[in-house]
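# Inside the fold
Below are the chains, spelled out letter by letter.
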Amino acid sequence: MQDNSQNNWKILLEDPQCFQDEILNDKNELWERIHHKLHKKPQHKVLTWYWMAACLLIITIALVAVFTTNEKKDYKVVSSPAFVKTLKPVGIENSSIATQKKRENILSQSTPKSHTAGSIEKNNLPELKKSADSKNIIDSIISQLPQLVITAAATANDSALNTMVMAPPSKKKLRVVHLNEIGQPVEEPTVNNRFAEKHGIGWRIINAEIYNPVYGSSTNNGLLLIKPRTSSN
Amino acid sequence: MDISELTREAKKGSAAAQKCLFDLLSDKMMLVCRRYVKSYEDSEEILLDGFYKFFKNLSSFNYHGEASVYAWLKKIMINECLMFLRSKHSFIIATEQQPEEIPLPGDALNKLSASEILNLIIELPVGYRTVFNLHVIEGFTHKEISRMLNIAEGTSKSQLNKAKLLLQKNLIKNDNEYARQQSK
């Protein structure tokens, strides 16, 4: 009995009719919120998939771009091999130079000597004898100088190094360098080219560098032909 | 429609049955939330979250009479309140020496109206209020409270005693004010 009387206040606390102030005013609004929450479509999942797909697309595009640029770079390296300039002392000449020298000797021996070439050699011999002492001194100085060696940078395609020696003039003959050994020659501006760049066509006509061909020749077809004077024709 | 039928229909996903259940039980649950949380707006939010969880997990609920629905929903609401309080306040209270048990001024409380009792409880500090609600009103043991709030058992007891002392003080204060008002 005493317990029941003591617990009266607890029963009162759980009776909503005793709390007019605490009763919910707008139940419909609250219910709408719960209903909306319950039946809300999972849009966030769709969004996450969308963003994941977009990220993957960007990554693939970036990878493709990176690989394509790398391929282009490789192609450039193959097309224009770089040359590395190094200075090597004469004492440490590699075996390739020695073999080249041997080749040169063989070529010089095998090639038939023309009359003019022979005469030149014969004519030069006494002069060489005269200035033998002075040349020996110069050669000894030159031999002590380091040689400029141009070596092709190793690429994936050619493993062997092409070596070109820009050695000082040899005692007897100039070294024969084959075109295959050098590779593609670098175009250097010649005197004529530089002149042509500086002066226009008007300047060249005035100075009679460009002239008309003779009329009545077999090649004349009535048109004004402009040919440079320096041409091989 | 009684609660058993409403629960069955709500389990199937009927929005009308769910709304009826909400209308029937929301006021009682609001009072539960108000005992734990001081702010009315926060209590409303907790109520919405609690009902949302109730309807979402209704399929796993086994009906054993009206009382079981009420008890389950109340448990959800209390858990929601504790979660809210944990997020806002910390229950890390220093363990104190176990004081002597103070009797609850039940007779004095019985003289008060329901709203006055609620106001007295709401005015208690968070720690005192939570332990008082869990032990005195809900009937949890100190061991259970210590597990729920992640505090020591002794702390729970000391918090309860302090809550009772504060309630007594407030009751005396209210009595004096009431006596003054009567004399005027």
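Residues numbered from 1 in each chain as written. Chains lettered and ligands numbered in written order. Predicted model: local features only at pLDDT ≥ 70, side-chain atom pairs only at ≥ 80, totals over all residues. Heavy atoms only, no water.

## Here's the deal with the side chain of Q18 of chain B
Heads up, the condition is: Secondary structure elements are taken from DSSP: a helix is a run of H or I of four residues or more, a strand is a run of E of two residues or more, and numbering for both begins at the N terminus. Pairs of residues are marked as contacts when any of their non-hydrogen atoms sit within 4.5 Å.
Turning to its location among the elements, Q18 of chain B is positioned in helix α2 (residues 15–36). Residues in contact with Q18 of chain B, not counting those within four places in the same chain, are W31, L38 and H39 of chain A together with A10, G13 and F55 of chain B.

## Side note on the interface of chain B and chain A
Rules: In short, buried area is how much 1.4 Å probe accessible area vanishes from two parts on joining, totalled over both. Here, a salt bridge means any Lys or Arg side-chain nitrogen found within 4 Å of an Asp or Glu carboxyl oxygen.
Between chain B and chain A, the residue contacts involve 37 residues of the former and 26 residues of the latter. Buried surface at the junction of chain B and chain A, both sides included, amounts to about 3,000 Å², of which 65% is carbon and sulfur. Our enumeration of links across chain B and chain A arrives at three salt bridges. The salt bridge involving E45 of chain B is made with R33 of chain A; its shortest N-O contact spans 2.5 Å.

## A look at the confidence of the model for chain A
Residues and elements named next belong to chain A. Test applied: The predictor attaches a confidence to each residue, called pLDDT, with possible values from 0 through 100.
Here chain A averages 65 in pLDDT, and 34% of its residues register 70 or above. Mean pLDDT per element in chain A: helix α6 (residues 115–130) is the minimum at 49, and helix α3 (residues 27–38) is the maximum at 88. Taken as a whole, residues 159–163 scores under 50 in pLDDT and shows 13 contacts with residues more than four places along the chain or in a different chain.

## Describing a nonpolar patch on the surface
Residues and elements named next belong to chain A. Short version of the rule: Each patch is built from salt-bridge-free residues with over 30% relative accessible area, joining like charges within 9 Å and nonpolar side chains (Val, Leu, Ile, Met, Phe, Trp, Tyr) within 5 Å. Under the convention used here, a 1.4 Å probe and the Shrake-Rupley method define accessible areas, while residue burial counts only the protein chains that appear. Buried residues are those whose accessible area, probed at 1.4 Å on protein chains only, stays under 20% of the maximum for their type, while exposed residues exceed 50% and partly exposed ones sit between those limits.
On the surface, L47, Y50 and W51 cluster together into a nonpolar patch covering about 390 Å² of accessible area. Locating Y50 in the fold gives a position in helix α4 (residues 43–79). Take Y50: its relative accessible area is 52%, and that puts it in the exposed class.

## Regarding the nonpolar core
Nonpolar side chains in soluble globular proteins generally cluster together in the buried interior. Applicable threshold: Side-chain atoms within 4.5 Å are what join buried Ala, Val, Leu, Ile, Met, Phe, Trp, Tyr and Cys residues into a set we call a nonpolar core.
Ranked by internal contacts, the top residues of the largest apolar core, which has 61 residues, are W9 of chain A together with F51, F54, F55 and F132 of chain B. Leaving out residues up to four positions away in the same chain, F54 of chain B has contacts with L21, V69, W72, L73 and I76 of chain B.

## Quick notes on the pattern of salt bridges
Overall, the coordinates contain nine salt bridges over all chains when judged by the stated rule. Via salt bridges that share partners, R35, K74 and E138 of chain B belong to a single interconnected network.

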